[in-house]
Amino acid sequence: MQSRRNLISGAALSAGLGLATLGLPRRARAQSTPAGEGQAIWGGRFAEKPGAIMQEINVSIDVDRRFWKQDLAASRVHAAMLSRQKIISSEDAAKIDAGLVIIEGEIRTGIFPFRREYEDIHLNVEARLAELIGPAAGRLHTARSRNDQVATDFKLWVRDALDQMQLKVRDLQLALVTRAGEHVDTVMPGFTHMQPAQPVTLGHHLMAYVEMFGRDVSRMADARTRMNECPLGSAALAGTSFPIDRTWTAEALGFARPAANSLDGVADRDFALEALACATLCAGHLSRLAEEMVLWTNPQFGFITLSDSYSTGSSIMPQKRNPDAAELVRAKSGPISGAFFALNTVMKGLPLAYNKDMQEDKPPVFVAFDALDLAVRATTGMVLDFKANKARMAAVAGSGFATATDLADWMVQRLKIPFREAHHLTGVAVRLAETRGVDLPQLTLKQLQGVHPGITSDVYGVLTAQASSASRSSYGGTAPAQVRLQVQRWKGLLATT
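As a starting point, this report considers the structure included with it. Remember, it's a predicted structure, so these values are computed and weren't measured experimentally. (Residues numbered from 1 in each chain as written. Predicted model: local features only at pLDDT ≥ 70, side-chain atom pairs only at ≥ 80, totals over all residues. Heavy atoms only, no water.)

1. What about the layout of surface pockets?
Let me state the cut-off plainly: Put simply, the grid is 1 Å and covers the protein atoms alone, a cavity is a trapped set of points that fit a 1.4 Å probe, a pocket is an open set with protein on both sides within 12 Å along at least five of seven lines, and lining residues have an atom within 4 Å of a point. Grid points are joined across faces, edges and corners, and a volume is the space filled by probe spheres set on the points. A run of DSSP states H or I qualifies as a helix once it reaches four residues; a run of E qualifies as a strand once it reaches two. Both are numbered from the N-terminal end. Residue polarity follows a fixed list, in which Ala, Val, Leu, Ile, Met, Phe, Trp, Tyr, Cys and Pro are nonpolar, Asp, Glu, Lys and Arg are charged, and the others, Gly among them, are polar.
There is about 620 Å³ of room inside the largest pocket. Along the walls of the largest pocket sit 29 residues, with Phe191, Val200, His205, Ala208 and Glu292 positioned nearest its centre. Of all the secondary structure elements, the ones that give two or more residues to the lining of the largest pocket are strand S1 (187–192), strand S2 (195–201), helix H9 (202–227), helix H12 (270–297) and helix H20 (480–495). A total of seven residues in the lining of the largest pocket trace back to one element, the largest contributor, which is H9. Residue composition of the lining of the largest pocket, by class: 13 nonpolar, 11 polar and five charged.

Shown next, in the form of structure tokens:
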């Protein structure tokens, strides 16, 4: 995962002279507005205000106010760049920077006047800036459009969200590795088709999810690298005639480079879709683990218990102990995967460049990452919380003819017969045990020799669940030695990233 970088470099902030130098109070009072009261900032072309329904469908401040930090950061960098390029004066740039600092303080303390008549976070900030510093605020939007402004803000937000999510998923991985280390030799049944297959260890089972979530982190890191191109400076769609320095702006905001095509710069939402794809895959893995916890806590399985912290009761059945935290994690995959489908549907038919449809890009992303954040944290808590019923797991692991493959392997190794023949003979032994109502280890040596006369009493050494799991010593297998190897490997990986 890439190291965290400040949104605004020291160079970008050098244009700010500070509030005392400008003579601005911390809470400057309104001086002027960029347009008539209640009139949209873009309203010069229009004789009348939008109708009530138009205003209601057009407004997005209730949603996009969420990336106010990114909007302020990008605006401060943009103003600093305009000053560096002598497009605006250093005095105006300093006023703009100081005003944006005041706005940041107002938002942090909850006193910023978010107003729906200004539609979105961008116009809310610009209108408030005009109240704070007067006409100089009108120079901030030089050489940019809301099209490249929102693309930049949104990309910064998604980039930050991926950075934070990688850290949280790694916390989950560490929890799984820790618990796997405690259960490297705890035998449990392994299933295929949800039927008894072969004994495995709980540590091995948990480490499978470590691998899954490792791929999730890798995908998030890849997506972050791919999205790390700055749209700012693309303007409305065609770029700008002003002598801006897009490379400096991109570097100041922590991007690797500016977007190379202005049309793509404002029209691209691949970064959001790819982030949602990463979230969808991660949510699927969370859902699979949650499903197993739901099954394992069922008394019919009885493999684990969750404490009161992650369980609920029934309003009518006093005996119930419901794994609701796991069930809710399982359910979160629905809105998360739905968010990808929703945004993909919004984007699939849009001509270049920006279209107002793209105002609907942010709600699904916010919904998905909120849900994923909660699901990851809840799963981490449950992993650290559960208690394993080792005796119950071991008992079930040895039932259902789970060591049949071990019998076949023994005949291949000791009797030197082809595996397909050993497979057939083992099937005969299973049928014999089934008709007698016993499991394979309960068949007598005479009965086993009736299947093949070369079978000796040594065979009983491989017919226990413990012996079976211990024998699977190939790389990545369930043998305790292999599980310990993977636990140590992942501890090292997680400690260095």
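So much for the structure itself; the text now carries on.
2. Some words on the pairing of S2
Convention followed: A pair of strands is treated as paired once DSSP finds two or more bridges between them.
Bridge analysis of S1 against S2 gives five bridges, and the strand direction is antiparallel. Residue pairing across strands places Val187 opposite Thr201, the latter belonging to S2. Hairpin connection of S1 to S2: two residues between the antiparallel strands, including His193 at a positive phi of 55 degrees.

3. Section: the packing of aromatic side chains
The condition that has to hold: Pairing of aromatic rings covers Phe, Tyr and the six-membered ring of Trp, with a centre-to-centre limit of 6.5 Å; geometry is then stacked below 30 degrees between planes, edge-to-face above 60, and tilted otherwise. For a lysine, the NZ atom is tested; for an arginine, the CZ atom; a charge sits over a ring if that atom is within 6 Å of the ring centre and within 35 degrees of the ring normal.
Summed over the entire model, instances satisfying the criterion amount to 10 aromatic pairs. Measuring from centroid to centroid gives 6.4 Å for Phe154 and Phe366, while their planes differ by 80 degrees, and the two rings are edge-to-face. Within this pair, whereas Phe154 is found in helix H8 (residues 146–182), its partner Phe366 is found in helix H14 (residues 362–385), the two being separated by 212 residues in sequence. With centroids separated by 6.4 Å and ring planes inclined at 65 degrees, the aromatic side chains of Phe191 and Phe301 adopt a geometry described as edge-to-face. On the criterion of sequence distance, the pair formed by Phe191 in strand S1 and Phe301 in the loop between H12 and strand S5 (304–305) is long-range, its members being 110 residues apart. Ring pairing ties together the aromatic residues Phe67, Phe154, Trp157, Phe271, Phe366 and Phe369, which thus form one cluster. Positioned over the ring face of Phe366 is Arg66, at 4.9 Å from the centre of the ring.

4. Considerations on the environment of Arg144
Put simply, the test is: Residue contacts follow a heavy-atom distance rule, with two residues in contact if any of their heavy atoms lie within 4.5 Å. Counting of polar contacts relies on pairs of N or O atoms within 3.5 Å, with two restrictions inside protein: one atom must be capable of donating a hydrogen and the other of accepting it, and residues adjacent in sequence are counted only when both atoms are side-chain atoms.
Residue position: Arg144 is located in the loop between helix H7 (121–133) and H8. When the C-alpha atoms of Arg144 and Ile244 are compared, they prove to be 9.9 Å apart, with 100 residues separating the residues in sequence. Discounting residues that sit within four places of it in the chain, Arg144 has contacts with Ser75, His78, Gln149, Leu232 and Ala235. In this structure the side chain of Arg144 is engaged in a polar contact, spanning 3.1 Å, whose partner is the side chain of Ser75.

5. Some words on the packing of H12 against helix H13 (residues 324–347)
Just so we agree on the cut-off: In this analysis, axes come from line fits to C-alpha atoms, helices being fitted only over the stretch in contact, and the angle between any two N-to-C directions falls in the range 0 to 180 degrees. Should an angle fall under 35 degrees it is taken as roughly parallel, and over 145 as roughly antiparallel, whereas 65 to 115 is taken as roughly perpendicular and any remaining angle as oblique. Less than a right angle of anticlockwise turn of the near helix away from the far helix marks a crossing as left-handed, whereas a clockwise turn marks it as right-handed.
Their axes nearest at 8 Å, the elements H12 and H13 cross at an angle of 160 degrees. Considering their axes alone, H12 and H13 lie roughly antiparallel with respect to each other. The handedness of the crossing between H12 and H13 is left-handed. Here the residues of the contact of H12 with H13 are counted per class, giving 17 nonpolar, five polar and three charged.

6. Looking at the side chain of Arg179
This is how it is decided: Relative accessibility decides the category of a residue: with a 1.4 Å probe and only protein chains considered, values under 20% of the type maximum give buried, values over 50% give exposed, and everything between is partly exposed.
With respect to the secondary-structure elements, Arg179 resides in helix H8. When its relative accessible area of 8% is taken as the criterion, Arg179 is described as buried. Only 2.8 Å separates the side chain of Arg179 from the side chain of Glu182, close enough to count as a polar contact. Setting aside residues no more than four positions away along its own chain, Arg179 makes contact with Leu206, Val383, Leu384, Asp385 and Phe386.

7. Digging into empty space enclosed by the protein
Tallying each qualifying case throughout the model produces one cavity of 30 Å³ or more. Space inside the largest cavity adds up to approximately 30 Å³. What lines the largest cavity is simply Asp71, Ser75, His122, Val125, Glu126, Leu140, Arg144 and Gln149. Broken down by secondary-structure element, the contributors of at least two residues to the lining of the largest cavity are helix H5 (68–84) and H7. Looking at which element gives the most residues to the lining of the largest cavity, the answer is H7, with three residues. Of the residues contributing to the lining of the largest cavity, the split by class is two nonpolar, three polar and three charged.

8. Here's the deal with the environment of Asp216
Looking at the secondary structure, you find Asp216 in helix H9. Sequence spacing of Asp216 and Arg170 is 46 residues, and the spatial spacing of their C-alpha atoms is 9.8 Å. Beyond its immediate sequence surroundings of up to four residues, Asp216 is in contact with Leu281, Cys282 and His285.

9. Comments concerning the pattern of salt bridges
As a reminder, the rule being used: A carboxyl oxygen of Asp or Glu within 4 Å of a side-chain nitrogen of Lys or Arg is what we treat as a salt bridge.
In the structure shown here, the tally under the stated rule is 27 salt bridges. Ionic pairing is found between Glu56 and Arg116, a salt bridge with its closest N-O pair at 3.3 Å. With Glu56 in helix H3 (residues 52–58) and Arg116 in the loop between helix H6 (90–109) and H7, the pair connects residues that are 60 residues apart, well separated along the chain. Classification of Glu56 as partly exposed rests on a relative accessible area of 49%. Judged by relative accessible area, Arg116 falls into the partly exposed class, the value being 32%. A salt bridge links Asp409 to Arg472, with the nearest nitrogen and oxygen atoms 3.2 Å apart. Placement of the pair is Asp409 in helix H16 (residues 404–415) and Arg472 in the loop between helix H19 (465–471) and H20, with a sequence separation of 63 residues. In this structure Asp409 comes out as partly exposed when scored by relative accessible area, which is 21%. Connected through shared salt-bridge partners, Glu106, Arg115, Arg128 and Glu131 make up one network.

10. Thoughts on the environment of Thr186
With respect to the secondary-structure elements, Thr186 resides in the loop between H8 and S1. Since its relative accessible area comes to 4%, Thr186 is described here as buried. Separated by 208 residues in sequence, Thr186 and Ala394 have C-alpha atoms that sit 7.6 Å apart. Apart from residues no more than four positions distant in its own chain, Thr186 is found in contact with Val200, Thr201, Leu202, Lys390 and Met393.

11. Focus: the packing of H8 against H14
Interhelical geometry of H8 versus H14 gives an angle of 15 degrees and a closest axis separation of 9 Å. Taken together, the axis directions place H8 and H14 in an arrangement best described as roughly parallel. Crossing geometry of H8 relative to H14 is assigned as left-handed. When grouped by side-chain class, the residues that make up the contact of H8 with H14 number 18 nonpolar, two polar and six charged.

This is a description of form; function is not addressed.
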